[in-house]
Amino acid sequence: MTYDVGAVERRAILNRTKAVTLVGASANPARPSYFVATYLLSSTRYEVNFVNPRLDTLLGKPVYASLEDVPGEPDLVSVFRRHDDLPQVAEEVIGAGARTLWLQLGLWHEPVADRAAGAGLDVVMNRCVKIEHARFAGGLHLAGFNTGVISSRRQPAP
């Protein structure tokens, strides 16, 4: 099975998603999960939840110790954890009844993907949920990706 999910499929997943849970959310502004959290809260319609047993709150929202503590069924679970932690995280995601297991940039684990897909989940690996959402919502400029400059010539300084 291939897990290099195409743009059409990623867009469909993001369009149907109502809630995003970040597993491994960090309060450190230098961490990618913090940047993704601020983007999701400020620029999307998603209900956003955080999981990290070492935090109580993040960006004014409660942080849950485990995925099973998050109220309701999670929809899309975006994972910011070490590679070795992924099998256990996948079992928690499956047990929680999520629809999508999304492994962030740098995370690729085919046995985990096989297990999640076998349990009926959509699986996205090695993609940033923030970048993908911004790509489809026209917001890549928020991270400096789309400057709006069409010419290859350097623009004069403002």
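Only a predicted model underlies this, so the values are computations on that prediction, with no experimental measurement involved.

Basis of the calculations
Residues numbered from 1 in each chain as written. Predicted model: local features only at pLDDT ≥ 70, side-chain atom pairs only at ≥ 80, totals over all residues. Heavy atoms only, no water. Salt bridge = Lys/Arg side-chain N within 4 Å of Asp/Glu carboxyl O. Helix = DSSP H or I, 4+ residues; strand = E, 2+ residues; numbered from the N terminus. Buried < 20%, exposed > 50% of the residue type's maximum accessible area, 1.4 Å probe, protein only. Pairing = 2+ DSSP bridges. Right-handed = clockwise from strand over helix to strand, strands pointing away. Phe/Tyr/Trp six-rings, centres within 6.5 Å; stacked < 30°, edge-to-face > 60°. Lys NZ or Arg CZ within 6 Å of the ring centre and 35° of its normal. Axes fitted to C-alpha atoms, helices over the stretch in contact; angles between N-to-C directions. Contact = heavy atoms within 4.5 Å. Nonpolar A, V, L, I, M, F, W, Y, C, P; charged D, E, K, R; others polar. Arc of directions from axis to C-beta.

### Topic: the pattern of salt bridges
And step 1. Per the counting criterion, the structure on display carries eight salt bridges.
And step 2. Between Arg16 and Asp122 there is a salt bridge, with its nearest N and O atoms 2.8 Å apart. In this pair, Arg16 is assigned in helix H1 (residues 7-16) and Asp122 in strand E7 (residues 122-124), connecting sequence segments 106 residues apart.
And step 3. Residue classification places Arg16 among the partly exposed positions, given a relative accessible area of 23%.

### A word on the pairing of strand E5 (residues 76-79)
And step 1. Covered by surrounding structure in E5 are Leu76 and Ser78 together with Val77 and Val79, the residues of both alternating faces.
And step 2. Sheet topology note: the strand E1 (residues 19-23)/E5 ladder contains four bridges and is parallel. Pairing of Val23 across the sheet is with Val79, part of E5.
And step 3. Sheet topology places E5 next to strand E6 (residues 100-103); four bridges connect them, and they run parallel. Note that in E6 the partner of Leu76 across the bridge is Thr100.
And step 4. The β-α-β motif built from E5, the intervening helix H3 (residues 86-96) and the parallel element E6 has right-handed crossover chirality.

### Describing the sheet that holds E7
And step 1. Strands sit in the order E3-E4-E2-E1-E5-E6-E7 across an open sheet of seven strands; the sheet is mixed. Looking at strand neighbours, the two that pair on one side only are strand E3 (57-58) and E7, the edges of this open sheet.
And step 2. Relative to E7, E6 is paired through three bridges, and the arrangement is parallel. If you follow Thr100 over to E7, its bridge partner there is Asp122.

### A short note on the packing of aromatic side chains
And step 1. One pass over the structure, following the stated rule, counts zero aromatic pairs.
And step 2. Positioned over the ring face of Tyr39 is Lys130, at 4.3 Å from the centre of the ring.

### Some points on the packing of helix H2 (residues 32-43) against helix H5 (residues 129-137)
And step 1. Look at H2 against H5: their axes get within 9 Å of each other, and the N-to-C directions meet at 35°. Contacts between H2 and H5 pair Phe35, Val36, Tyr39, Leu40 and Ser43 from the former with Val129, Lys130, His133 and Ala134 from the latter.
And step 2. Grouping the amino acids of the contact of H2 with H5 by side-chain chemistry returns six nonpolar, two polar and one charged.

### Quick notes on helix H4 (residues 110-118)
And step 1. Listed as buried for H4 are Val112, Ala113 and Ala116. Relative to the axis of H4, the buried residues are bounded by an arc of 100° and lie together on one face. What points out from H4, more than 90 degrees from its buried face, is the exposed set Pro111 and Gly118.
And step 2. For H4, the elements touching its buried residues are H3, E6 and E7.
And step 3. Gly120 lies just past H4 and shows a positive phi near 95°.

Function cannot be inferred from these measures alone, as they are strictly geometric.
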